[in-house]
Protein chains: 2
Amino acid sequence: MSAAGLETAFIDRLIRGFRKAPGRRTAPHESDAELLVLPVDHPANDGGEAPLLAVTTDTISEEISCGLYADPYQAGWVAAAACLSDLAAVGASPLGLLVSETLPASLPASFLDTLQKGIGDSCSTAGTYVVGGDTNIGSALSITGTAIGVVPERMAMTRRGCLPGDVLYVSGRPVRGNGFALTAFTAGSGLTGGYFPRPRIREGMLLRGSASACMDSSDGLFATLDQLGELNGVGFDLAGSWEETLDPASLRAAAERGLPPWILLAGCHGEFELVFTVRPARRTLFLERAAAAGWNPVEMGSVSERSGVMMPAAEGARLVDATRIRNLSFGMTGDIGKYLEALLREERHMKGAWHGTVFGR
Amino acid sequence: MSAAGLETAFIDRLIRGFRKAPGRRTAPHESDAELLVLPVDHPANDGGEAPLLAVTTDTISEEISCGLYADPYQAGWVAAAACLSDLAAVGASPLGLLVSETLPASLPASFLDTLQKGIGDSCSTAGTYVVGGDTNIGSALSITGTAIGVVPERMAMTRRGCLPGDVLYVSGRPVRGNGFALTAFTAGSGLTGGYFPRPRIREGMLLRGSASACMDSSDGLFATLDQLGELNGVGFDLAGSWEETLDPASLRAAAERGLPPWILLAGCHGEFELVFTVRPARRTLFLERAAAAGWNPVEMGSVSERSGVMMPAAEGARLVDATRIRNLSFGMTGDIGKYLEALLREERHMKGAWHGTVFGR
């Protein structure tokens, strides 16, 4: 399980020729947003601290072209939320969002108005603003957001820092993104309330100083845990029943389709929950702070020395090779039928493997 | 000529529902990059000044899909330079570039390597770095750059501020962008040396405190002058001969194709020169500073009270409705044949109008 994910390797190849910026505090893959030193003079006796700039860019195009976001309001909403969620994961406070849109000339004005309203409302919900942009004409609708924020240097969170024994949390019940993708692409009843994920800006700021590592769940829960595991040389033991930890509507959608719950963790359409770890000694204080803010994070398990993800299952725990699962999705976006088949093959593979490598609970 | 350009009106419609960010110092259309207040504590006795953040985003897709940037190195180079040029136009010093790429799955690895090298080399030339990005799979290659920089608040330049009588300059001989487009799309010899425009970061920083208004020439010279004229309620008198002010290779390419030189100002494929104005009283000091830095800006004329652009011509000066010319290109990218026809009709229209509204020189 030490092999890096295919996507990580692909990105490493793309960026291998780039020089590292002297003011960049983050290494590739190590944080959801990049952290840059601002050239601001701060007198030594100031007492204050210069903030780091947090910046992140994200394009929404595959999800539109494959028909997943057929609603322009949703496409706009998610495009903004995806970037703002990356700011949340480093604990940053947003300064604004830039939006570059490629628009087919044939789009009706009402479609554009609705798209823009989705972008604006998503920003408002996160307490921020569109501060600039660019428009182009092109054959396929594509929206690139760039979010900009600030975070005090010693408070910034990255994906690095968790240790075996840390408690694993998710900011809210995860897997709704995959629940949505499942209901959008397969027959059966859908999620009530649709899919309008709120970036966890407020929660990210509350996590400053409490979380040992943080990453959003935008690529799905296994992909997130795989990336955190790879970066920190650890694994995860998931605990509790799926009914207690996962989004109930998504669980119902999976059950109705005869799919095991873990498929919802394996799918590559995540949502914008924060997946983070807390040292056991800080846990009580963290939970008090969260409760005081009216926030109930979901405890999902703990960090293990062993790599991989140990899942609870009726017949006993199962060790999942999250890298393998994550790689199944690479290059397969949009063809959920093919992807589900691959995952169900994996289910059979794991059931077979489980008898050989029992991890009883 | 008071009617706003079609593109300006289109963008106004797109952004009409967005709330204005409290920390945003720029209004829509008024600057090449957005200027944002950084939430940095600066003691009153500090003496220093908190910088403004300069941010700008730009997508290169039409130019690729229409075959203009068939060379991946050039596509990467221009994508980075387009954003960095916007920073130059506000006088900002770059902190870095974010790049979000949509890549067809079929692109060979060598194409990707060359594209990335173009991006990296373009950043290096401007003294900056790629600091982050995103990759997606999609049917058409598209590159969205977001450049981030800083500029001292009182030194930031915008497109607003020029007055009648100000001297009009361009950072270097303009119209090479249209010369390149012309040779790429029509038969005949091309530009030697190709088209690898260098963003004028150093010149933009030298202009701090000297320029009354500044904008880059990325949409072509008439579009730039039209935008500056509209924002400031002024017009421009161009002076000197085209041979003294425009890019010689582009002039030769136009002449070889039997086209009048002004077509090169009208085309919508600009380059990344800075178009700026200087108060007459500051002109000598500015030219001394430029010469000391080894820079020879091109004097193009002056700012007039009258709107429109007065062009020198063999038969006497002609007043051009730059808004009208700019609107010809809106939505017509990629079909240079159609666009050239429209421009040549405009040539005949102006020749007719000229006899009625003579502006002798």
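From a predicted model like this one, the values you see are computed outputs, not experimental measurements.

Asks: Just to check I follow, could you spell out the interface of chain A and chain B for this structure?
Replies: It is common to give the size of an interface as the accessible area that goes away when the parts come together. Contact with chain A, which involves 58 residues of that partner, is made by 58 residues of chain B. Between chain A and chain B the total buried area reaches about 5000 Å² when both faces are included, carbon and sulfur atoms providing 63% of it. For chain A, the biggest contributors to the area lost against chain B are A:Phe18, A:Arg19 and A:Tyr129; these three give 13% of the whole. Counting the contacts that link chain A with chain B gives four salt bridges. Residue B:Asp113 is joined to A:Arg13 by a salt bridge in which the shortest nitrogen-to-oxygen separation is 2.5 Å. Joining chain A to chain B, the criterion identifies 18 residue pairs in polar contact (both at pLDDT 80 or more). When residues of the side of chain A that touches chain B are traced back to their parent elements, those giving at least two are helix H1 (6-15), strand E1 (34-37), strand E2 (51-60), strand E3 (93-103), helix H4 (109-125), strand E4 (130-137) and strand E5 (142-152) of chain A. At eight residues, the largest contribution of residues to the side of chain A that touches chain B is made by E4(A). For the side of chain A that touches chain B, the residue count by class is 28 nonpolar, 17 polar and 13 charged.

Asks: Explanation requested: the pairing of strand E6 (residues 167-170) of chain A in the structure shown.
Replies: Strand residues, when the strand is regular, have side chains that alternate between the two faces of the sheet. All names here are of chain A. Here E6 shows no split at all, with Val167 and Tyr169 on one side and Leu168 and Val170 on the other all buried. Alignment of E6 against strand E9 (residues 274-278), held across four bridges, turns out to be antiparallel. Across the sheet, the residue bridging to leucine 168 is threonine 277, located in E9. Direction of pairing for E6 relative to strand E10 (residues 298-304): antiparallel, over a ladder of four bridges. Paired with tyrosine 169 across the strands is glutamate 299, a residue of E10.

Asks: I'm lost on the side chain of A:Ser304 in this one. Help?
Replies: Residues and elements named next belong to chain A. Mapped onto the fold, serine 304 is located in strand E10. Looking at serine 304, its side chain comes within polar contact range of the main-chain nitrogen of phenylalanine 236, at 3.3 Å. Those residues in contact with serine 304 that sit more than four places away from it in its chain are Pro164, Val234, Gly235, Phe236 and Asp237.

Asks: What is the right way to read the pattern of salt bridges from this model?
Replies: Where charged atoms from two side chains of opposite charge come close, those side chains can pair. Tallied over the entire structure, the rule returns 30 salt bridges over all chains. The partner of B:Arg24 in a salt bridge is B:Glu34, and the shortest N-O contact between them spans 2.9 Å. Of the two residues, B:Arg24 sits in the loop between helix H1 (6-15) and strand E1 (34-37) while B:Glu34 sits in strand E1, which places them 10 residues apart along the sequence. For the pair formed by B:Arg24 and B:Glu34, the shared burial category is buried. Two residues, B:Glu30 and B:Arg160, come together in a salt bridge whose shortest N-O distance is 2.6 Å. Taken as a pair, B:Glu30 in the loop between H1 and E1 and B:Arg160 in the loop between strand E5 (142-152) and strand E6 (167-170) lie far apart in primary sequence, 130 residues in all. The exposure class assigned to B:Arg160 is partly exposed, which follows from its relative accessible area of 40%. One network of salt bridges, with partners in common, ties together A:Arg198, A:Arg200, A:Arg202, A:Glu203 and A:Glu273.

Asks: Quick question: what am I supposed to make of the relation of the copies chain A and chain B here?
Replies: Superposing the two chain copies requires a rotation about an axis and a translation along that axis. Least-squares fitting of chain A to chain B yields an RMSD of 0.0 Å, with the superposition described by an axial translation of 0.0 Å and a rotation of 180 degrees. Here the transformation between the copies is reduced to the relation of a two-fold axis. Looking at the interface residues of chain A, 100% of them are also at the interface in chain B, so both copies use one shared face.

Asks: Any chance you could explain the sheet that holds E3(A) here in plain terms?
Replies: Note: strands within a sheet are paired through backbone hydrogen bonds, in either parallel or antiparallel orientation. Residues and elements named next belong to chain A. The five strands are arranged E1-E2-E5-E3-E4 in an open sheet whose pairing can be described as mixed. Edge positions in the open sheet fall to E1 and E4, since each of these has one partner strand only. Adjacent strand axes in the sheet meet at a mean angle of 20 degrees, parallel and antiparallel pairs treated alike. The sheet contact formed by E3 and E4 spans seven bridges and is parallel. Bridge pairing in E4 places leucine 103 opposite isoleucine 137. Together, E3, E4 and E5 form the strand contacts of H4, whose direction differs from that of E3 by roughly 165 degrees.

Asks: Which parts of the structure should I look at to understand the packing of helix H5 (residues 176-185) of chain A against helix H9 (residues 248-256) of chain A?
Replies: Helix-helix packing: each pair is described by the crossing angle between the helix axes and the interaxial distance. Residue and element names in this part refer to chain A. Orientation of H5 relative to H9, taken along the N-to-C sense of each, is 40 degrees, at an axis distance of 8 Å. When the axis of H5 is compared with that of H9, the two are oblique. In the packing of H5 onto H9, the handedness of the crossing is left-handed. Residues Arg176, Gly179, Leu182 and Thr183 of H5 lie in contact with H9, whose contacting residues are Ala249, Ser250, Ala253 and Ala254. Across the contact of H5 with H9, the residue classes tally to four nonpolar, three polar and one charged.

Asks: I would appreciate a short explanation of the packing of aromatic side chains in the present structure.
Replies: Aromatic rings considered in pairs are described by the distance between their centres and by the relative angle of their planes. All names here are of chain A. Applying the stated criterion to the full structure yields 22 aromatic pairs over all chains. Judged by centre distance (5.3 Å) and plane angle (65 degrees), the ring pair of tyrosine 169 and phenylalanine 286 falls under edge-to-face. Taken together, the residues span a long stretch of sequence, with tyrosine 169 in strand E6 and phenylalanine 286 in helix H11 (residues 283-292) at a distance of 117 residues. Taking the relative accessible area as the measure of exposure, tyrosine 169 reaches 1% and is therefore buried.

Asks: Before we go on, may I ask you to explain the sheet that holds strand E11 (residues 309-311) of chain B in this structure?
Replies: Residue and element names in this part refer to chain B. Ordered in space as E7-E9-E6-E10-E8-E11-E12, the seven strands form an open sheet in which the pairing is mixed. On the outer flanks of this sheet lie strand E7 (211-216) and strand E12 (318-320), each paired with one strand and no other. In this sheet, neighbouring strand axes are inclined to one another by 25 degrees on average, regardless of whether the strands run parallel or antiparallel. Contacting E6, strand E9 (274-278) and strand E10 (298-304), helix H11 (residues 283-292) runs over the sheet at an angle of about 15 degrees to E6.

Asks: Quick question: what am I supposed to make of unusual backbone geometry here?
Replies: Glycine aside, a negative phi is what most residues show, and trans is what most peptide bonds show. Residue and element names in this part refer to chain B. Even without being glycine, histidine 29 reaches a positive phi, approximately 75 degrees. The topology assignment puts histidine 29 in the loop between H1 and E1. The backbone of valine 175 shows a phi angle near 80 degrees, a positive value even though the residue is not glycine. As for its placement among the helices and strands, valine 175 is situated in the loop between E6 and helix H5 (176-185). Residue class for valine 175 comes out buried when judged on its relative accessible area of 1%.

Asks: Please explain the confidence of the model for chain A as it appears in this structure.
Replies: For residues with low pLDDT, the predicted coordinates do not support detailed interpretation. Residues and elements named next belong to chain A. Summary statistics for chain A give a mean pLDDT of 89 and a share of 91% for residues scoring 70 or more. pLDDT under 50 marks residues 354-361. Its contacts with residues more than four places away, or in other chains, come to 14 contacts. For this predicted complex, the interface confidence comes out at an ipTM of 0.90, alongside a pTM of 0.92.

Asks: Help me understand the packing of helix H7 (residues 221-232) of chain A against helix H12 (residues 322-329) of chain A, please; the structure alone is not making it clear to me.
Replies: Residues and elements named next belong to chain A. H12 packs onto H7 with a crossing angle of 125 degrees between their chain directions and a minimal axis gap of 9 Å. Between H7 and H12, the angle is such that the two are oblique. When the axes of H7 and H12 are compared, the crossing they make is left-handed. In this structure, H7 uses Phe222, Ala223, Asp226, Gln227 and Glu230 to contact H12, whose residues at the interface are Ala322, Thr323, Ile325 and Arg326. Of the residues in the contact of H7 with H12, the class split is four nonpolar, two polar and three charged.

Asks: I tried to follow the environment of B:Ser217 on my own but got confused; where do I start?
Replies: Residues and elements named next belong to chain B. Considering the arrangement of structural elements, one finds serine 217 in the loop between E7 and helix H7 (221-232). With relative accessibility at 0%, the residue serine 217 sits in the buried group. Between the C-alpha atom of serine 217 and that of aspartate 86, which follows or precedes it by 131 residues, the distance is 9.8 Å. If we skip the residues at most four places from it in the chain, serine 217 touches Thr224, Gly270, Glu271, Phe272, Glu273 and Val275. For serine 217, the side chain forms a polar contact with the side chain of glutamate 271, separated by 2.8 Å.

Conventions and cut-offs
- Residues numbered from 1 in each chain as written.
- Chains lettered and ligands numbered in written order.
- Predicted model: local features only at pLDDT ≥ 70, side-chain atom pairs only at ≥ 80, totals over all residues.
- Heavy atoms only, no water.
- Contact = heavy atoms within 4.5 Å.
- Buried area = accessible area lost by both parts, 1.4 Å probe.
- Salt bridge = Lys/Arg side-chain N within 4 Å of Asp/Glu carboxyl O.
- Polar contact = N/O pair within 3.5 Å; in protein donor to acceptor, adjacent residues only side chain to side chain.
- Helix = DSSP H or I, 4+ residues; strand = E, 2+ residues; numbered from the N terminus.
- Nonpolar A, V, L, I, M, F, W, Y, C, P; charged D, E, K, R; others polar.
- Buried < 20%, exposed > 50% of the residue type's maximum accessible area, 1.4 Å probe, protein only.
- Pairing = 2+ DSSP bridges.
- Least-squares fit on C-alpha atoms with pLDDT ≥ 70 in both.
- Axes fitted to C-alpha atoms, helices over the stretch in contact; angles between N-to-C directions.
- Parallel < 35°, antiparallel > 145°, perpendicular 65-115°, else oblique.
- Left-handed = near helix turned anticlockwise from the far one by under 90°.
- Phe/Tyr/Trp six-rings, centres within 6.5 Å; stacked < 30°, edge-to-face > 60°.
- pLDDT = per-residue confidence, 0-100.

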